[in-house]
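Fold and contact review
Chain by chain, the residues:
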Amino acid sequence: AERVAAVVTLLARERPAAVLCPHAHDGHAAHIGTHALVTEAFAALAAQPTDAAAPTPAPVLVETEFWLAMETPNLLVECPDDDLADLL
């Protein structure tokens, strides 16, 4: 709950247009945990009251894959070779 609250605070402060996180069945425990953390934070953020005069659009959640492929991917994003090398 403490980490979810920290992510909610971060999202509310930074107001990103999109958030990228691993998909739920990535096959790596830390990635699956990150997915759970982010989706819980999104749910908590959505449950907060909003300012009707100045609503803040919710960020788009973009799921990524690394260890295991997604069942129904719908976006391919290229990354530079040096970034890919760092990830690997």
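Position labels on residues start from 1 in each chain and follow its written sequence. Confidence filtering applies because this is a predicted model: local features only for residues at pLDDT of at least 70, side-chain atom pairs given and counted only at 80 or more, and all residues used for totals across whole chains, interfaces and linings. Excluding hydrogens and water, the side-chain figures rest on all heavy atoms present in the structure.

Per the convention used, a helix needs a DSSP run of H or I reaching at least four residues, while a strand needs a run of E reaching at least two, with both numbered from the N terminus. In this analysis, the expected span of each helix is defined as 1.5 Å times one less than the number of residues it contains. Here helix α1 (residues 2–14) contains 13 residues, and its C-alpha end-to-end distance of 18 Å stays within 8% of the 18 Å for a straight helix at 1.5 Å per residue. Taken as a whole, α1 has its buried residues at V4, V7, V8 and L11. Down the axis of α1, the buried side of the element spans an arc of 105 degrees, and every buried residue falls inside it. For α1, the exposed residues set more than 90 degrees away from the buried face come down to E2 and R13. Summary of the burial criterion: residues with accessible area below 20% of their type's maximum are buried, those above 50% are exposed, and those between are partly exposed, where the area comes from a 1.4 Å probe applied to protein chains only. By construction, the arc corresponds to the directions joining the helix axis to the C-beta atoms.

Right, let's get into the pattern of salt bridges. A carboxyl oxygen of Asp or Glu within 4 Å of a side-chain nitrogen of Lys or Arg is what we treat as a salt bridge. Counted under the stated rule, the structure contains one salt bridge. As a salt-bridge pair, E14 and R13 come within 3.0 Å of each other at their nearest N and O atoms. In this structure E14 comes out as partly exposed when scored by relative accessible area, which is 49%. According to the relative accessible area criterion, R13 is exposed, its value standing at 56%.

So, about a negative patch on the surface. Patch members must show over 30% relative accessible area and no salt bridge, and they are joined within 9 Å when carrying like charges or within 5 Å when they are nonpolar side chains of Val, Leu, Ile, Met, Phe, Trp or Tyr. All accessible areas in this document rest on Shrake-Rupley with a 1.4 Å probe, and a residue is counted as covered only by the protein chains that are shown. Only four residue types enter the charge count: Lys and Arg as positive, Asp and Glu as negative, with His and the chain ends excluded. Where a charge lies is defined by one atom per residue type, namely NZ (Lys), CZ (Arg), CG (Asp) and CD (Glu). Taken together, the side chains of E78, D81, D82, D83 and D86 present a region of like negative charge at the surface. Residue placement: E78 occurs in the loop between β2 (60–64) and α3 (81–87).

Here we come to the nonpolar core. It is characteristic of soluble globular proteins that their nonpolar side chains tend to be buried jointly. Throughout this description, the term nonpolar core refers to a set of buried Ala, Val, Leu, Ile, Met, Phe, Trp, Tyr and Cys residues connected via side-chain atoms within 4.5 Å. In this structure, V4, V7, V8, L11, V19, C21, V38, A41 and F42 together form the largest nonpolar core, which totals nine residues. Elements represented by at least two residues in this core include exactly α1, β1 (18–22) and α2 (29–47). Ranked by the residues each element gives to this core, the list is headed by α1, at four residues. Contact criterion: two residues are considered in contact whenever any of their non-hydrogen atoms come within 4.5 Å of each other. Among all residues touching A41, those that are not within four sequence positions of it are V4, V7, V8 and L11.

Our next topic: the packing of α1 against α2. All axes are obtained by fitting lines to C-alpha atoms, using only the stretch in contact for helices, and the reported angles, taken between N-to-C directions, cover 0 to 180 degrees. Two numbers describe how α1 lies on α2: the axes approach to 9 Å, and their chain directions differ by 65 degrees. Note on packing geometry: the crossing formed by α1 with α2 is right-handed. In this structure, α1 uses R3, V4, V7, V8, L11 and A12 to contact α2, whose residues at the interface are L37, E40, A41, F42, A44 and L45. Considered class by class, the residues forming the contact of α1 with α2 number ten nonpolar, no polar and two charged. Two helices that cross are described as forming a left-handed crossing if the nearer one is turned anticlockwise from the farther one by less than a right angle, and a right-handed crossing if clockwise. Each residue receives one of three labels: charged for Asp, Glu, Lys and Arg, nonpolar for Ala, Val, Leu, Ile, Met, Phe, Trp, Tyr, Cys and Pro, and polar for the others, Gly being one of them.

These values are about where atoms sit, not about what they do.
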